[in-house]
Amino acid sequence: MAFTITCPVCGPRDGYEFRFGGEDKGPRPEAADLTPAAWCDYVHMADSRPGVQKEWWVHRQGCGAWFTIHRDTVANQEVSLNLLEAAE
Amino acid sequence: MNRLKHLPTLRITPGAARSFTYGKHTFEGLQGDTVATALFANGVRVFGRSLKYHRPRGLYSLDGECSNTLMEVDGVPNVRTETTPLTAGIRVAAQNVMGRPELDLLGVLDAFSWAMPAGFYYRMFHRPARVWPLAIQQIRKAAGLGRLSPDFRMPGRFDEIYPAADVCVLGGGPAGLSAALAAAERGLRVILLEARPWLGGAFEYRAADDGDGVALHRKARDLAAAVAARPEIRVFTQAPAIGVYSDGQVTAFQRGGPDQSFDERYIEIRAAAVVVATGCGERPLLFEHNERPGVMQPACAQRLARTWGLLAGTEAVFSVGHDLGLEAAVDLFDLGLKVAAVADIREDGQDPTLVKALAQRNIPLLKGWVARKAHGGNRVTGATLTSVNGRFHRRLTCDLLAAAAGLTPATGPLTLAQSQLAFDPHTGYFLPRTLPKGLQAAGRLLGLESWAAVTASGRRAGLQAAADAGADCQAAIRESEAALRDLPGAVRGSKFVIAPGCGRKAFICFDEDTTVKNVDQAMAMGFDVPELIKRFTSAGTGPGQGGIPGHNLPLYVAQTGLSPDAHPRPTTARPPLVPTLLATYAGAQHDMSKRTPLHDLQVACGGRMERVGVWTRARRFTDDPRCRTEILNVRTNVGLLDASTLGKFLIFGPDALKALQRVYVSDMARMTPGRAKYSAMCNDDGCITDDGVVVQTAENDYYFTTSTARAGVTVEWFRYHTRYDGWCYHLVNLTDAYGVLNLAGPKAREVLSRVTTADVSNAAFPYMGYREMAIHGVPVRALRLGFVGELSYELHVPSSYMPALWDLLMEAGRLEGIRPFGLEAQNALRMEKGHLIIGSESEQRTTLHDVGLGFLWQREKADQRLVGAAALMQTERQPGRLKLVGFKMADPSGPPPRDGSPIVDARIRGYVCTARYSFTLKEPVGLALVEDGLAQEGARLAIYEDGCQGQLTHAVVTPYPFYDPEGRRLRQ
Amino acid sequence: MLGRFKRLWDAKPMKTHYDAVIIGGGLHGLATAYFLARNHGLTDVAVIEKRYIGFGAAGRNTAIVRANQRTQENLPLYKEALDLWPVLTRELDFNLMFYNCGNLNLAHSEAALKAMRLQVASAQFQGIDSRLLDAKECRELVPALDISDRPRYPIFGGMFHPPGGIVRHDAVVWGLARGAAKRGVHIHQGTSATGIGVEGGKAAWVDTDRGRIRTPRVLNAAGAYSAGLANRFLGQRLPISVLTIQAMVTQPLKPLLHHVVSSGAYHCYANQTLKGEIATGAHMDPWPNYTTQTTAHYIKHQAEAVTEFLPCLKGLKFMRTWGGLADMTPDMAPIMDGHSPAEGYYLDCGWGYFGFKSSTVTGKYMAQYMATGECPEILKPFALKRFEEHRLMGETAALVDYTANN
């Protein structure tokens, strides 16, 4: 398996140039009235479902940009959003 | 042995002798020989012994699909002699032999094969239990092929290259060559990989013609020449593909030699499209003793003669299921081999030309017949043939039994590329049912056999690959498809047949000595799918992997009807497709680490350099591991430390402050110009990940440092935690652009004032101050900090000036006794001062509160959703956590406990982080993480050191800093 | 003994009710089933497995066993697991081929030595044999080691753990399956779980592609798929990242390595199987994945790494590489829990790459948990709650690099 990620700045590059940044969970919640369970859910918990998920990556050995892609975790392949929408 | 001469297909150079040794013998081969053909030419027939039963094994194929001809060459075990070119002077030895290959003392094991049924080791040797440890040693000795000395060092030059191409073609036969040409004609860059030393594939040795009078070998060579003439095509011969991955990634290795810059090199290709045209091998035929020396594949016998001029025997019996087998019989007869009979599994459907040719030569052709048994021991002496229905038998004398069940496609690359294969009853092949995007298949592995169809299929695949790579060639693709439709399609394959009554010594996997009977046994025990049978019987897990059993095992399993797999499913192929030396994979193995600008100067001063993370740094400058002189010199005079590895960053822009507020626990809005602010970063667990200082250099403009370990991830960290915010700030990593010298010690000011005109008095440049100054015109960012607990200046200068500044300070400080100090001295100094190093005084689960830095957290600061805030709130008063404490020993005259020693009572309560004998305080001091119940001043800590046998040492929790707790020395 | 080729376990028809249903025919599931039957007389148990038993991590791990973990919560569990191999071999009458060769873990820096000292002393404190060696002693143990200063990370010393070794992983699968089946457990291969039913806060049934099974006890022991199943069936979110982990073997060789050798700095281990192959691996691509495909990057990296400290291996050839899945938690310790979100629902997951060595003992205690409904003391520290209570286990000292939270 090779792995290619399309960086919004640099274009398609070898997957090892990037670092994974987690499932997309939305903006950070306010800390003040966060219950431990809600905090834990945001920080540690994940859906971990096989299939397509939206997730963050950073082009570590490149431009340094953080961005999201959709990736099929079963095939380990980036999925184009257009294809996804077309399939829905 | 006399060689056939004057054949147009020969690849040897008569007269170019190459001598080599085999055991005690000195043999001569010819240039162009492989090690195996040279041995064969010298009369060697038994090449080695099999793994389990020590059966004699000989030349079977010539492409190294099984371990039969693995030998030790120049100390390297398991060399595939069939594919290794002969070079002069090599030393060859047989493997897995006690005695000689022809007379192996362990050969007796073969008679006891009944005692070693499938999976016997799971059911033996464990009763009684005491037998097992003894049995293990015997099993280990018996297992394995080849030996390697622990002192062995692989000689040779290994390299690696990473070429890119539009189209990568696997296989240099006519299909691959045609594909490469078709893509090249579209102007694309093509890489072609061929495992053999020459191009032409299964056609380059064939004297037959397609009815047009031009011999196939001639056509193959012409096509190869056409490819060689194309500048767009880069051909790698002796370069088998070993891996095919998604996104057009292909790996291979290439054999080099004295004429090249490498002996073997790793090749990793990225291509837009890949064409697999790896052709076919011959499918092994299952019959009793089907792996005796003298049993070989028809193509093996034919290539021995045609390529190396060697007749494999004097009188042969053929048992085949394919026209190429018949062609080999005719061809070898014409080259002087007597052929007693040819059995063909097929009742009908043979090429009439070949049937006629056999008849003209008076060679009996037995249609619907198959080999049942090979006779003989070290060499075949005869063969029993049987009609497929088992009713008739014939025993014939021969010294060569050329046997194959037909052909089997080399689908390994397709499987690796995630192509779905399905069994095709017409060809009897596993054919690609789906091909992933960017992958094409062509040629014989699709069942095609004629020159015209194979080349047309190659052309079509080449054009399609060109289209995958972006070329506009739809019209040409349609034309090529039409052309292909007009040509003969896939050829009918032979049925899967095992002669009745066979199994006990019919080997389905040569490498693991797995017989048909073993497979039956496994199925009877409930292992009913090929992958499980592989695991239970080991079939296909030996050096040749699926090479021999890959096709027959699924067919056999499906045929027995015991398996849920009524439709044969191919077994899994895994990389590497060809076993590959670790030396080759390792390649050039360049050692890379970062050096500071002062590396050479520190080495010149006696610096003992060590890897620390990505850097190489000076651990110490004397032989003394405790660094007494270095430490005391900092305490009494002045020392110089290369701190260039510190992370150094600029952050500026309208939202720079917001970003700082997000990641630093302190209120970064409260900064005083000209003053450094010490703060820390936490992760979302509230656990400390970094500390450092921040200075505001202008409005919206900051300079900050991070620990060495975090320098590489800091930009990523800031950007990650602000990724949803769309803030505008620039963050520049200056870690490598700037070096840092830490000038530390009571006499630091004298030294510094000698090299700068700037006012460095305590009043003008106080503790925690930040100044930009010039030293001999060099711009310096100077920080007055005190990590080691003394008056000290951290001087940040552009990297290129670092050596000059080092020299200046060393010269300027001569009177004060300046000397360099290293990481170990720094470690002891800062520990005495109670300063922590993250990762040393903290672990993954250690919060800011735990290490006593909770005061840095300014929770009232304008909420910027500080990273870690929630966890810092929730853990602030949490009981039962490990807290950082200082300690001194109950008996100060004893040695300090070693770092990492647990602190115990009835259970483990914590551990020593860092402890040293303090030359300054004249007693051991240390820092430890302990459960909060033990964290009070005066608490007694029992330390359990490794090897103490229960003899505990004791320490007492003591407030830290141990050294200069009031911090006077920093401020002097 | 010879001549008998009986089925190791029979395919039984699937019933519509069982006293317990275990999702996942891997080692944890089979061991739990075995101990439910053996220790608690709970024999009306079904193990449902989507593929065939041992398809997942049970058949893909490199079979190393040891009991030299870092924390006191983990140590007793692994120690008991280590002691169980000979016991189970006898009890199952199936040779699990425990090769008690000992494990040598190399240190390549002062910091690594410090970390090892804590591990070694913690083990000794609990009565587990573990010793710190200097570089020379390491080489006496493993003559193939290069202890010169040539390697990128020279060897400073090592941690030797004599009681460890390797076990034939497939044998454990088959032995436990046979043992469980003999006691009445039904093993349903080729059966996918498609849902878990909850009635009145209690687990009530498991839906499969072969129909519904009513049961008061469900164990989610689906290995790498546990987290995804928990999420899909019960909406439960877990702190788990599933990563692909790869391993490979060389061609077989006469005995060369007599111990398991591993190195944190090079992030790899190497040991010689009873068949003579050198098995080596450990790399994980640090992003979640459910693929077991291998990468070109890793096999090359592995050759570079392992030949740095075992340079003679350069003369060997890699023969086969494969991938498996590891369900990693933030603190490298597993999650064993029950009764949440539904009573009678049990969870055993997050084992990362420690799932093999712990499998049998986990089965024993999870069986106790399921049979009695009470969490055994030894499992309590592994509850899911620890993550929201800010009590990570500390199995890993350093920050783990596969989540974005570090």
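Residues numbered from 1 in each chain as written. Chains lettered and ligands numbered in written order. Predicted model: local features only at pLDDT ≥ 70, side-chain atom pairs only at ≥ 80, totals over all residues. Heavy atoms only, no water.

Engineer: If you had to explain the overall build of chain C to someone new, which residues and values would you point to?
Structural biologist: In terms of regular secondary structure, chain C is built from 8 helices and 19 strands. Taking the principal axes of the C-alpha coordinates as reference, chain C spans close to 65 × 60 × 40 Å. Taken over 406 residues, chain C has a buried fraction of 69%. Contacts in chain C between residues far apart in sequence, at least 24 positions, make up 75% of those at least 6 positions apart. Total accessible area computed for chain C in this model is approximately 12000 Å², and 51% of it derives from carbon and sulfur atoms. Of the charged side chains in chain C, 43 are positive and 35 negative, and the gap between their average positions amounts to 6 Å. (Helix = DSSP H or I, 4+ residues; strand = E, 2+ residues; numbered from the N terminus. Buried < 20%, exposed > 50% of the residue type's maximum accessible area, 1.4 Å probe, protein only. Contact = heavy atoms within 4.5 Å. Areas by Shrake-Rupley, 256 points an atom, 1.4 Å probe, with all protein chains shown as cover. Lys, Arg positive; Asp, Glu negative; His and termini not counted. Charge placed at Lys NZ, Arg CZ, Asp CG, Glu CD.)

Engineer: How would you explain the interface of chain C and chain A if you had to name every residue and give the values?
Structural biologist: Opposite the 32 residues of chain C that make contact, chain A presents 27 residues. A combined buried area of about 2700 Å² lies between chain C and chain A, and 54% of that area is made up of carbon and sulfur atoms. Looking at the side of chain C facing chain A, the largest losses of area belong to Arg237, Trp287 and Tyr290 of chain C, adding up to 27% of the total buried there. Where chain C meets chain A, there are 2 salt bridges. (Buried area = accessible area lost by both parts, 1.4 Å probe. Salt bridge = Lys/Arg side-chain N within 4 Å of Asp/Glu carboxyl O.)

Engineer: An account of the interface of chain B and chain C is requested, with residue identities and associated values reported.
Structural biologist: Counting from both sides, the interface comprises 111 residues of chain B and, opposite them, 95 residues of chain C. Carbon and sulfur atoms make up 55% of the area that chain B and chain C hide from each other, which totals about 9300 Å². For chain B, the biggest contributors to the area lost against chain C are Arg140, Leu582 and Gln844 of chain B; these three give 10% of the whole. At the surface where chain B touches chain C, the tally comes to 8 salt bridges. At the boundary of chain B with chain C, the tally comes to 58 residue pairs in polar contact (both at pLDDT 80 or more). Among the elements that take part in the side of chain B that touches chain C, helix 2 (residues 131–142) of chain B stands out by supplying 7 residues, more than any other. Grouping the constituent residues of the side of chain B that touches chain C by class yields 51 nonpolar, 31 polar and 29 charged. (Polar contact = N/O pair within 3.5 Å; in protein donor to acceptor, adjacent residues only side chain to side chain. Nonpolar A, V, L, I, M, F, W, Y, C, P; charged D, E, K, R; others polar.)

Engineer: How would you explain the nonpolar core if you had to name every residue and give the values?
Structural biologist: Ranked by internal contacts, the top residues of the largest apolar core, which has 136 residues, are Phe527 of chain B together with Trp174 of chain C. When residues are assigned to domains, this core turns out to be shared by domain 1 (20–61 + 169–238 + 332–387) and domain 2 (103–162 + 241–328) of chain C, each giving three or more. Counting residues in each nonpolar core, the second largest holds 99 residues, with Val79, Val92 and Ala329 of chain B together with Leu257 of chain C among its members. (Core = buried A, V, L, I, M, F, W, Y, C linked by side-chain atoms within 4.5 Å. Domains from an automatic or database assignment.)

Engineer: Break down the domain arrangement of chain C for me, citing the residues and quoting the values.
Structural biologist: Residues and elements named next belong to chain C. Domains assigned within chain C are domain 1 (20–61 + 169–238 + 332–387) and domain 2 (103–162 + 241–328). The C-alpha-based centres of domain 1 and domain 2 are spaced at 30 Å. Contact residues are listed per partner, giving 12 residues for domain 1 and 13 residues for domain 2. Both sides together, the interface formed by domain 1 and domain 2 hides about 1000 Å², and carbon and sulfur atoms give 61% of it. It is Arg60, Ala224 and Tyr353 in domain 1 that bury the most area against domain 2; as a group they hold 52% of the surface buried on that side. Our count for the contact surface shared by domain 1 and domain 2 stands at 0 salt bridges. Along the contact surface separating domain 1 from domain 2 lie 5 residue pairs in polar contact (both at pLDDT 80 or more). Taken together, the residues of the side of domain 1 that touches domain 2 sort by class into 7 nonpolar, 4 polar and 1 charged.

Engineer: Pulling in residues and values, what's your account of the side chain of Arg881 of chain B?
Structural biologist: Structurally, the position occupied by Arg881 of chain B is in the loop between helix 22 (869–875) and strand 45 (882–889). Polar contacts involving the side chain of Arg881 of chain B include one to the main-chain carbonyl oxygen of Arg845 of chain B, which spans 3.0 Å. Only 2.7 Å separates the side chain of Arg881 of chain B from the side chain of Gln878 of chain B, close enough to count as a polar contact. Among all residues touching Arg881 of chain B, those that are not within four sequence positions of it are Arg845, Thr847, Asp850, Thr875, Val930, Glu931 and Asp932 of chain B together with His390 of chain C.

Engineer: Give a description of helix 3 (residues 110–125) of chain C that names residues and reports values.
Structural biologist: Side chains three or four residues apart in an α-helix point the same way, a direct result of the helix having 3.6 residues per turn. For helix 3 of chain C, which comprises 16 residues, the first-to-last C-alpha distance of 22 Å matches the rise-based estimate of 22 Å (1.5 Å per residue) to within 8%. Restricting attention to buried positions, one finds in helix 3 of chain C the residues Leu113, Lys114, Met116, Arg117, Leu118, Gln119, Val120, Ala121, Ser122, Ala123 and Gln124 of chain C. For helix 3 of chain C, the elements touching its buried residues are strand 46 (902–904) and strand 47 (908–918) of chain B together with helix 2 (75–92), strand 4 (103–107), strand 5 (131–134) and strand 6 (157–161) of chain C. Immediately downstream of helix 3 of chain C, the backbone of Gly127 of chain C shows phi near 80 degrees, a positive value. (Expected span 1.5 Å × (residues − 1).)

Engineer: Help me get a handle on the sheet that holds strand 33 (residues 615–620) of chain B, residues and values and all.
Structural biologist: Residues and elements named next belong to chain B. What the 3 strands build is an open sheet, ordered 31-33-32; its pairing is mixed. What marks the edges here is a single partner per strand, and that holds for strand 31 (594–595) and strand 32 (608–612). Here strand 31 pairs with strand 33 via 2 bridges, running parallel. Within strand 33, the residue paired with Arg595 across the bridge is Thr616. (Pairing = 2+ DSSP bridges.)

Engineer: Residue-level account of the pairing of strand 5 (residues 66–72) of chain A, with values.
Structural biologist: All names here are of chain A. Among the 7 residues of strand 5, 5 are classified as buried, and the element is accordingly described as predominantly covered. Judged from the 7 bridges that link them, strand 4 (residues 52–58) and strand 5 form a sheet pairing that is antiparallel. Across the sheet, the residue bridging to Val58 is Trp66, located in strand 5. In this sheet, strand 6 (residues 77–79) lies alongside strand 5 in antiparallel orientation, the contact comprising 3 bridges. Each bridged residue has a counterpart across the sheet, and for His70 the counterpart in strand 6 is Val79.

Engineer: Now, about the packing of aromatic side chains: what can you tell me, with residues and values included?
Structural biologist: The tally for this structure, following the rule as stated, stands at 46 aromatic pairs over all chains. Here Trp66 of chain A and Tyr720 of chain B contribute two aromatic rings whose centre-to-centre distance is 4.7 Å and whose plane-to-plane angle is 50 degrees, an arrangement assigned as tilted. Of this pair, Trp66 of chain A sits in strand 5 while Tyr720 of chain B sits in helix 18 (residues 714–721), placing the two residues on different chains. We classify Trp66 of chain A as buried; its relative accessible area is 13%. When its relative accessible area of 11% is taken as the criterion, Tyr720 of chain B is described as buried. Between Phe704 of chain B and Phe718 of chain B the ring centres are 5.4 Å apart and the planes differ by 20 degrees, which places this aromatic pair in the stacked class. Of the two residues, Phe704 of chain B is situated in strand 38 (residues 701–706) and Phe718 of chain B in helix 18; the sequence distance between them amounts to 14 residues. With relative accessibility at 0%, the residue Phe718 of chain B sits in the buried group. Clustering of aromatic rings is evident, with ring pairs tying together Phe120, Tyr121, Tyr122, Phe125, Phe527 and Phe536 of chain B together with Trp9, Phe94 and Trp174 of chain C. If you follow Arg611 of chain B out to its NZ or CZ, it ends over the ring of Tyr153 of chain C, 5.4 Å from the centre. (Phe/Tyr/Trp six-rings, centres within 6.5 Å; stacked < 30°, edge-to-face > 60°. Lys NZ or Arg CZ within 6 Å of the ring centre and 35° of its normal.)

Engineer: So, the environment of Gly248 of chain B: which residues are in play, and what are the values?
Structural biologist: All names here are of chain B. With respect to the helices and strands, Gly248 occurs in the loop between strand 12 (241–244) and strand 13 (249–255). We classify Gly248 as buried; its relative accessible area is 12%. Separated by 508 residues in the primary sequence, Gly248 and Thr756 place their C-alpha atoms 60 Å from one another. Leaving out residues up to four positions away in the same chain, Gly248 has contacts with Ile269, Arg270, Ala271 and Val274.

Engineer: Tell me about the sheet that holds strand 5 (residues 70–73) of chain B, residues and numbers included.
Structural biologist: Paired through their backbone hydrogen bonds, the strands of a sheet run either parallel or antiparallel. Residue and element names in this part refer to chain B. Strands sit in the order 2-1-7-5-6 across an open sheet of 5 strands; the sheet is mixed. Across the chains shown, the open sheet's two edge strands, defined by having one partner strand only, are strand 2 (25–31) and strand 6 (76–80). Averaged over all adjacent pairs, the angle separating strand axes in this sheet is 45 degrees, with direction ignored. Summarising the sheet, strand 5 and strand 7 (residues 91–93) pair through 2 bridges and their orientation is antiparallel. Within the sheet, the bridge partner assigned to Val73 lies in strand 7 and is Val92. (Axes fitted to C-alpha atoms, helices over the stretch in contact; angles between N-to-C directions.)

Engineer: Would you mind going over the pattern of salt bridges in detail, with residue names and values included?
Structural biologist: Residues and elements named next belong to chain C. Applying the stated criterion to the full structure yields 88 salt bridges over all chains. For Lys79, the salt bridge is made with Asp83, and the minimal N-O distance between the two is 3.1 Å. Taken together, the positions of Lys79 and Asp83, both in helix 2 and 4 residues apart, correspond to about one turn of that helix. Given the relative accessible area of 28%, Lys79 is considered partly exposed. For Glu277, the salt bridge goes to Lys275, with nearest N and O atoms at 3.8 Å. Overall, the relative accessible area of 5% leaves Glu277 in the buried class.

Engineer: Run through the state of the cysteines, naming residues and quoting values.
Structural biologist: Residue and element names in this part refer to chain A. Overall, the coordinates contain 0 disulfides over all chains when judged by the stated rule. Not part of a disulfide, Cys63 finds its nearest cysteine sulfur in Cys7, a span of 3.5 Å. Overall, the relative accessible area of 36% leaves Cys63 in the partly exposed class. (Disulfide = S-S within 2.5 Å.)

Engineer: For a nonpolar patch on the surface, give the residues involved together with the corresponding values.
Structural biologist: A cluster of nonpolar residues, Val108, Phe112 and Trp114 of chain B, forms a patch on the protein surface that exposes about 350 Å² of accessible area. Within the fold, Trp114 of chain B resides in the loop between strand 7 and helix 2. (Patch = residues over 30% accessible without salt bridge, like charges linked within 9 Å, V, L, I, M, F, W, Y side chains within 5 Å.)

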